[in-house]
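# Structural overview
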Amino acid sequence: MKRLINYTPSRGSRWLIGLVPFGIIALAYLVLSNARLAGNPNDRLLPSPATMVETFTQLATQASVRTGTIPLWDDTFASLERLGLGIAISALIGLVVGVLNGGLPLMRAKLSPLVTVVSLIPPMAILPVLFIAFGTGEMAKVALIVIGVAPFLVRDLQSHAMRLPDEQLIKAQTLGASSWQVLLRVLLPQLMPRLMASTRLALGSAWLFLIAAEAIAAQEGLGYRIFLVRRYLAMDVILPYVVWITLLAFVIDRVLALTSQRLFPWFHAEEGGKS
Amino acid sequence: MSLLEARHLEKRYGDQIVLERIGFRVETGEFVTLVGASGCGKTTFLKLLLGTERISRGALTLDDRPLPDEPGPDRGVVFQRYSVFPHLTVLCNVMMAEELAGSRWLGKLFGAARRRAVETARARLEEVGLAHALHKYPHELSGGMQQRLAIAQALMMRPRILLLDEPFGALDPGIRQDMHALITRLWREQQLTIFMITHDVKEAFALGTRLWVFDKIRHDPQAPEAYGATITYDLAIGENRRPPEDLGRTVDAMNEGWTQTFQETPI
């Protein structure tokens with residue numbers, strides 16, 4: 001009898017096994033939805049898949065009477081713009097401060113305590129401050145994402161920079177590198193794949209901050225829409241929107257993962273080929 | 001004038017003395033091998049030469065000037081591990097030195113300058129037998145190939161002193177033989193001065209022109225930290241490259257931890 005840890009699924013069956021939980025959840029939803037709709041055909045809480053597809057198609061193809069544009073695309077672009085901007089700014093801050101903190105002990109002594117404290121502030125608690133400071137426009141939402149994500153990236157990159165073997169820094173110096181050149185040619189390139197990995201992890205909280213900010217003050221956006229239709233118990237809008245957001249998040253995650261594998265093969269070789 | 005000279009050198013961390021009463025002169029072209037039990041300060045000594053640690057007392061001079069207290073291009077180094085940059089291909093690893101020297105702000109060369117650097121690096125890699133692996137990353141190389149790469153990379157700056165910290169410690173015996181031939185050839189061709197730490201006394205005799213044994217000769221059982229290690233044997237290795245009978249035995253015994261055998265003071 002082999003040990004359980006030594007059983008690995010074959011390639012084909014891995015897919016199949018992975019799909020099973022999805023199937024079970026879908027089936028459970030169908031059963032529950034059917035039961036409710038049988039009792040009350042106008043039930044709003046668990047709409048049938050057909051209703052949801054119909055509503056979603058409508059949102060995705062027909063211009064809204066009020067604004068003259070298509071709501072789904074408006075929402076998607078608005079949200080992705082905020083998310084992208086927030087993540088890009090965070091990544092830039094994370095990389096610059098992370099490299100400086102990780103590479104220069106003098107800088108670390110000054111900035112590290114500040115970064116640690118800032119990263120402990122619950123971003124949602126200072127959302128009102130952001131709204132007061134930046135108004136309820138785009139700036140406040142992007143700022144919330146940056147405040148929530150950047151300190152995490154800084155800390156992660158800094159600790160990764162400090163874990164790089166000293167031998168490499170010494171080696172670079174024996175090759176004649178200046179401080180700047182060590183940061184640029186040794187630390188920075190080795191932190192890039194790490195940045196990609198941390199960004200993938202941080203995307204979850206970035207979405208959280210985005211939707212929270214949109215729920216409170218926005219004119220369009222995925223989070224705005226969900227919280228808008230909540231008043232009418234419009235589950236036929238909310239559920240497809242949640243699936244849509246999940247799909248977007250999944251695609252972004254995969255794109256980052258594949259880009260990283262393509263650009264930094266040496267990094268992923270070290271990780272070991274476990275899937 | 002000696003290339004490297006130490007007088008009454010001492011290194012301590014707080015109250016703990018690691019090295020004491022060390023004095024020597026080393027001339028250009030010598031190949032010094034360092035042996036001794038684990039934890040007796042060989043690596044600390046190498047760090048002093050490298051400049052990552054500072055001496056606590058005494059003097060350590062290179063060309064009669066105090067050794068700089070940070071690593072520099074005049075002293076190349078190969079460690080047992082982590083000596084090459086994992087994010088660069090073999091070719092880029094070796095080009096690194098020239099790129100750093102040629103481009104102060106970007107640390108990268110372009111166009112004709114880059115082509116020249118590629119040619120130099122390619123020639124150097126051919127010398128160490130890595131011409132077939134130019135575009136591989138270090139993780140795709142075997143341990144021996146990685147060390148070949150590390151040596152090629154360290155020699156790009158034409159260092160005056162090459163420091164080797166157990167460079168072949170993790171390699172198979174067969175590969176070691178190849179590496180010995182390589183390092184001997186490079187040492188002769190480029191008139192290097194080499195310091196090499198090794199655990200293998202045979203290796204020390206096979207490669208070096210001079211052998212140093214590091215050991216603690218003074219012991220205080222109540223305060224084991226009160227005395228540090230020093231160079232207990234400083235042997236010129238002759239052409240026959242065979243260890244004297246008694247020394248081979250004593251050093252072997254010492255490697256197994258019998259430090260007490262060295263109670264009488266040599267040098």
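Remember, predicted model here, so these are calculated numbers, not experimental data.

Okay, the overall build of chain B next. Looking only at helices and strands, chain B has seven helices and 10 strands in total. Taking as baseline every contact in chain B between residues at least 6 positions apart, the subset at least 24 positions apart corresponds to 71%. When the accessible surface of chain B is split by element, carbon and sulfur atoms take 50% of a total near 12600 Å².

Moving on, we come to the nonpolar core. In terms of nonpolar packing, the biggest core is built from 49 residues, with Leu83, Ile145, Trp207, Leu222 and Tyr241 of chain A touching the most fellow members. At the level of secondary structure, the elements contributing two or more residues to this core comprise α2 (49-61), α3 (71-103), α5 (127-134), α6 (138-163), α8 (179-216), α9 (222-229), α10 (235-263) and α11 (265-271) of chain A. In contact with tyrosine 241 of chain A, other than residues within four places in its own chain, are Phe56, Leu59, Pro71, Leu72, Asp75, Leu222, Arg225 and Ile226 of chain A. Grouped together as the second largest cluster of nonpolar side chains are 48 residues, Ala172 of chain A together with Phe85, Ala121 and Ala154 of chain B included.

Here the focus is the environment of threonine 136 of chain A. Residues and elements named next belong to chain A. For threonine 136, the position within the fold is in the loop between α5 and α6. Measuring from C-alpha to C-alpha, the distance between threonine 136 and leucine 195 comes to 30 Å, with 59 residues separating the pair along the chain. In this structure threonine 136 touches Phe131, Lys141 and Ala217, once residues within four positions along its chain are discounted.

Right, let's get into α10 of chain A. Spanning 29 residues, α10 of chain A covers 42 Å between terminal C-alpha atoms, matching the ideal 42 Å at 1.5 Å per step. Among the residues making up α10 of chain A, those that are buried are Asp236, Val237, Ile238, Pro240, Tyr241, Trp244, Ile245, Leu248, Leu256, Ala257 and Ser260 of chain A.

Looking at the assigned domains, one finds that chain A contains domain 1 (1-41) and domain 2 (57-271). On a C-alpha basis, the centres of domain 1 of chain A and domain 2 of chain A stand 32 Å from each other.

Our next topic: the interface of chain A and chain B. The interface is formed by 22 residues belonging to chain A together with 35 residues belonging to chain B. A combined buried area of about 2400 Å² lies between chain A and chain B, and 66% of that area is made up of carbon and sulfur atoms. Here glutamate 99 of chain B and arginine 185 of chain A are joined by a salt bridge, their closest N and O atoms 3.0 Å apart. On inspection of chain A and its partner chain B, the count reaches 11 residue pairs in polar contact (both at pLDDT 80 or more).

With that out of the way, let us pick up the domain arrangement of chain B. Residue and element names in this part refer to chain B. Annotation of chain B at the domain level lists domain 1 (4-74 + 159-262) and domain 2 (86-142 + 150-157). Just the C-alpha atoms count here: the centres of domain 1 and domain 2 sit 29 Å apart. Every contact between the two is made by 12 residues of domain 1 and, on the other side, seven residues of domain 2. Between domain 1 and domain 2 the total buried area reaches about 810 Å² when both faces are included, carbon and sulfur atoms providing 72% of it. Looking at the side of domain 1 facing domain 2, the largest losses of area belong to Pro159, Leu186 and Gln190, adding up to 42% of the total buried there.

Residue and element names in this part refer to chain A. Put simply, α6 and α8 touch, their axes get as near as 8 Å, and they point 150 degrees apart. Regarding the angle of α6 to α8, the classification is roughly antiparallel. Remark: the crossing between α6 and α8 carries right-handed chirality. By residue class, the composition of the contact of α6 with α8 is 16 nonpolar, five polar and four charged.

Considering all chains together, one arrives at 10 aromatic pairs over all chains under this definition. When the ring of tryptophan 73 of chain A is compared with that of tryptophan 244 of chain A, the centres are 5.9 Å apart and the planes differ by 80 degrees; the resulting orientation is edge-to-face. Note that tryptophan 73 of chain A is positioned in helix α3 and tryptophan 244 of chain A in helix α10, a separation of 171 residues in sequence. Given a relative accessible area of 16%, tryptophan 244 of chain A falls into the buried group. Aromatic pair phenylalanine 264 of chain A and tryptophan 266 of chain A: ring centres 6.3 Å apart, planes at 75 degrees, arrangement edge-to-face. No difference in accessibility class separates phenylalanine 264 of chain A from tryptophan 266 of chain A, as the two residues are buried. Each residue in the set Phe24, Phe45, Phe195, Trp212 and Phe214 of chain B is aromatic and connected to the rest through ring pairs, giving one cluster.

Turning next to the side chain of threonine 230 of chain B. Residues and elements named next belong to chain B. One can find threonine 230 in strand β10 (residues 229-236). Separated by 3.0 Å, the side chain of threonine 230 and the backbone oxygen of glutamate 20 make a polar contact. Not counting the four nearest positions on each side in its chain, threonine 230 is found in contact with Glu20, Arg21, Ile22, Val213, Phe214, Asp215 and Ile217.

Residues and elements named next belong to chain B. Pairing geometry for strand β1 (residues 4-13) and strand β2 (residues 16-26), over seven bridges, is antiparallel. Looking at the pairing, leucine 9 lines up with isoleucine 22 of β2. Between β1 and β2, which pair antiparallel and follow one another directly, the connecting turn spans two residues, one of which, glycine 14, has a positive phi of 60 degrees. Where β1 lies against strand β4 (residues 57-62), five bridges are found, and the strand directions are antiparallel. Residue pairing across strands places glutamate 5 opposite threonine 61, the latter belonging to β4.

Let us now look at unusual backbone geometry. The phi torsion at leucine 233 of chain A lies on the positive side, around 50 degrees, for a residue other than glycine. Tracing the backbone through its elements, the reader meets leucine 233 of chain A in the loop between α9 and α10. Residue aspartate 64 of chain B is not a glycine yet carries a positive backbone phi of 70 degrees.

Quick notes on the rules
Residues numbered from 1 in each chain as written. Chains lettered and ligands numbered in written order. Predicted model: local features only at pLDDT ≥ 70, side-chain atom pairs only at ≥ 80, totals over all residues. Heavy atoms only, no water. Helix = DSSP H or I, 4+ residues; strand = E, 2+ residues; numbered from the N terminus. Contact = heavy atoms within 4.5 Å. Areas by Shrake-Rupley, 256 points an atom, 1.4 Å probe, with all protein chains shown as cover. Core = buried A, V, L, I, M, F, W, Y, C linked by side-chain atoms within 4.5 Å. Buried < 20%, exposed > 50% of the residue type's maximum accessible area, 1.4 Å probe, protein only. Expected span 1.5 Å × (residues − 1). Domains from an automatic or database assignment. Buried area = accessible area lost by both parts, 1.4 Å probe. Salt bridge = Lys/Arg side-chain N within 4 Å of Asp/Glu carboxyl O. Polar contact = N/O pair within 3.5 Å; in protein donor to acceptor, adjacent residues only side chain to side chain. Axes fitted to C-alpha atoms, helices over the stretch in contact; angles between N-to-C directions. Parallel < 35°, antiparallel > 145°, perpendicular 65-115°, else oblique. Left-handed = near helix turned anticlockwise from the far one by under 90°. Nonpolar A, V, L, I, M, F, W, Y, C, P; charged D, E, K, R; others polar. Phe/Tyr/Trp six-rings, centres within 6.5 Å; stacked < 30°, edge-to-face > 60°. Pairing = 2+ DSSP bridges.

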